[in-house]
Amino acid sequence: MITIFGAGAFGTALAISLSRNGPVTLLARDPDHVAEMRATRQNARRLPGVELPDNIAISAELEPVSKGQIALLSVPMQRLRGALETHGDALSQGHLVACCKGMELATGLGPTRIIDEMLPGTTTAILTGPSFAADIARGLPTALTLACTDDKVGEALQSALSTANLRLYRTTDTSGAELGGALKNVMAIGTGVVMGAGLGESARAALMTRGFAEMSRMAAAVGARPETLSGLSGFGDLVLTCTSEQSRNTRFGVSLGRNERFDPNVTVEGAATARAVVARAADLGIDMPVTRAITALINGELQVEQAMDMLLSRPLKEE
Ligand SMILES: NC(=O)C1=CN([C@@H]2O[C@H](COP(=O)(O)OP(=O)(O)OC[C@H]3O[C@@H](n4cnc5c(N)ncnc54)[C@H](O)[C@@H]3O)[C@@H](O)[C@H]2O)C=CC1
Ligand SMILES: O=C(CO)COP(=O)(O)O
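Residues numbered from 1 in each chain as written. Chains lettered and ligands numbered in written order. Predicted model: local features only at pLDDT ≥ 70, side-chain atom pairs only at ≥ 80, totals over all residues. Heavy atoms only, no water.

J.: Even after reading the chapter, I still don't get helix H4 (residues 111-118), so can you show me in this structure?
T.: Helical periodicity: at 3.6 residues per turn, an α-helix aligns residues three or four positions apart in one direction. Every buried residue of H4 is accounted for by Pro111, Thr112, Ile114 and Ile115. Each buried residue of H4 sits inside an arc of 160° when the element is viewed along its axis, so together they form one side. (Buried < 20%, exposed > 50% of the residue type's maximum accessible area, 1.4 Å probe, protein only. Helix = DSSP H or I, 4+ residues; strand = E, 2+ residues; numbered from the N terminus. Arc of directions from axis to C-beta.)

J.: Before we go on, may I ask you to explain the site of ligand 1 in this structure?
T.: Neighbouring ligand 1 are 21 residues, the closest being Arg46, Ala133, Arg248, Thr267 and Glu269. One of the side-chain nitrogen or oxygen atoms of arginine 29 is found 3.1 Å away from an oxygen atom of ligand 1. Contact distances for ligand 1 include 2.5 Å between an oxygen atom and a side-chain N or O atom of glutamate 269. Starting from 830 Å² of accessible surface for ligand 1 in isolation, the protein chains cover 89%. Its residues placed into classes, the shell around ligand 1 shows 11 nonpolar, 4 polar and 6 charged. Per-domain counts for the shell around ligand 1 show at least three residues from each of domain 1 (2-173) and domain 2 (175-313). (Near = heavy atom within 4 Å. Polar contact = N/O pair within 3.5 Å; in protein donor to acceptor, adjacent residues only side chain to side chain. Areas by Shrake-Rupley, 256 points an atom, 1.4 Å probe, with all protein chains shown as cover. Nonpolar A, V, L, I, M, F, W, Y, C, P; charged D, E, K, R; others polar. Domains from an automatic or database assignment.)

J.: Hey, could you run me through the packing of helix H7 (residues 174-196) against helix H11 (residues 248-257) in this one?
T.: How two helices sit against one another is set out by the angle between their axes and by the gap between those axes. Their axes nearest at 6 Å, the elements H7 and H11 cross at an angle of 40°. Viewed along their axes, H7 and H11 adopt a mutual orientation that is oblique. Our pair here, H7 against H11, has a crossing hand that is right-handed. Between H7 and H11, the residues in contact are Asn185, Ala188, Ile189, Gly192, Val193 and Gly196 and Asn249, Thr250, Phe252, Gly253, Val254, Leu256 and Gly257, respectively. (Axes fitted to C-alpha atoms, helices over the stretch in contact; angles between N-to-C directions. Parallel < 35°, antiparallel > 145°, perpendicular 65-115°, else oblique. Left-handed = near helix turned anticlockwise from the far one by under 90°. Contact = heavy atoms within 4.5 Å.)

J.: Sorry, what's going on with the site of ligand 2 here?
T.: Lining the immediate surroundings of ligand 2 are Lys101, Gly129, Pro130, Ser131, Phe132, Lys184, Asp237, Leu240, Thr241, Ser247, Arg248 and Asn249. Side-chain polar atom of aspartate 237 to an oxygen atom of ligand 2: 2.6 Å apart, as the coordinates give it. Contacts to ligand 2 include arginine 248, whose backbone N or O atom sits 2.9 Å from an oxygen atom. When ligand 2 is considered free in solution it has 310 Å² of accessible area, and contact with the protein chains removes 93% of it. Looking at the shell around ligand 2, the elements with two or more residues in it are helix H10 (232-242) and H11.

J.: Quick question: what am I supposed to make of the UniProt feature "binding site: NADPH" (unreviewed entry) in the chain here?
T.: In the numbering adopted here, UniProt assigns the feature "binding site: NADPH" (unreviewed entry) to Phe10, Arg29, Lys101, Ala133, Arg248 and Glu269. Position of lysine 101 among the secondary structure elements: in the loop between strand S7 (95-98) and H4. With relative accessibility at 14%, the residue lysine 101 sits in the buried group. If we skip the residues at most four places from it in the chain, lysine 101 touches Met77, Thr128, Gly129, Gly181, Ala182, Lys184, Asn185, Asp237 and Glu269. A polar contact is formed between the side chain of lysine 101 and the backbone oxygen of glycine 129, at a distance of 2.9 Å. Tracing the chain through its elements places arginine 248 in helix H11. Classification of arginine 248 as partly exposed rests on a relative accessible area of 36%. (UniProt positions renumbered as here; feature names shortened; annotations may be inferred.)

J.: Could you clarify how one ought to interpret the pairing of S7 in this entry?
T.: For a regular strand, side chains alternate in direction, first toward one face of the sheet and then toward the other. As judged from the 4 bridges shared by strand S6 (residues 70-73) and S7, these two strands associate in the parallel manner. Residue pairing for S7: alanine 71 is matched across the bridge by leucine 96. Note on the crossover from S6 through helix H3 (residues 80-91) to S7: the handedness is right-handed. Here S7 pairs with strand S8 (residues 124-128) via 3 bridges, running parallel. Looking at the pairing, alanine 98 lines up with isoleucine 126 of S8. Regarding the hand of the β-α-β motif, the stretch spanning S7, H4 and S8 is right-handed. (Pairing = 2+ DSSP bridges. Right-handed = clockwise from strand over helix to strand, strands pointing away.)

Right, here's the structure in full:
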């Protein structure tokens, strides 16, 4: 039995996909949400229009996870620590797989580092890569990265979490995998701004490419492997997120580029993460001008024209 903690779009999509392999428990924190999903066999709040198969048990009560049992943590990044503070005891025996993308604002840590800090001694892993929840839920073909520092556990997780339509590639480089997923969301806000402000597809390609250079720079500074960044969790997810309006980060950026309001209830991981990345880059002593410009736009400190001037007026240099 796999436990999925967090009944948002992604947790629900993973529950649907994994229910092909066997029974799954999907945990929502709001009892009314649980009642709704049980009655309608849909998660209308987060992933409307997709049926929840019968072998998904829906609950608001987290039963203690037994030794070696798999638990996926699919809550937004900035909520992960709080969720572990509340439910750490019940989760501590399991193989925990973070399913969130981002960097914690207060500490600059990624999800596997937070799990390590909160539950020392647990084997942690992260499932990340290019995938929209709606695609996974519909059973469309998807490939993701499963990163786990313990390769034996990683192999078991890879096999348990792959399905006929969901193909997992394995690595032990958790820091590279979580960094790629965090930074691509920041770049997606930037490319959204470019498209929203009408700056064109050429500018979008330039931002993605120079953004990828910054992702690689930070990855090198923290000891992540370059091939992780050029794989599904880095380059792959950058391409998907920056080129599709299915992405909430992209849509948020488009609104920003058009000076339009954006629904504050929509999860936009890249916004808080951008601020965390700027602080982390300063600590590491690395230059990330694209990230800085995007963060200033998010913070309302720069207008689009000023951000473009700032980037375009930098000294010319070698690629
Ligand atoms: N939606 C997508 O297509 C994908 C999302 N992700 C990642 O998955 C993570 C979750 O995103 P979504 O599911 O899309 O967000 P969402 O906004 O659809 O849902 C978030 C869910 O987390 C729950 N939650 C928040 N705090 C909680 C807590 N303390 N305890 C229990 N539940 C809590 C909320 O009630 C909500 O149901 C994010 O980091 C996102 O980047 C990754 C790949 C695809
Ligand atoms: O992570 C995702 C795609 O891989 C989902 O992107 P958004 O969070 O921007 O919707």
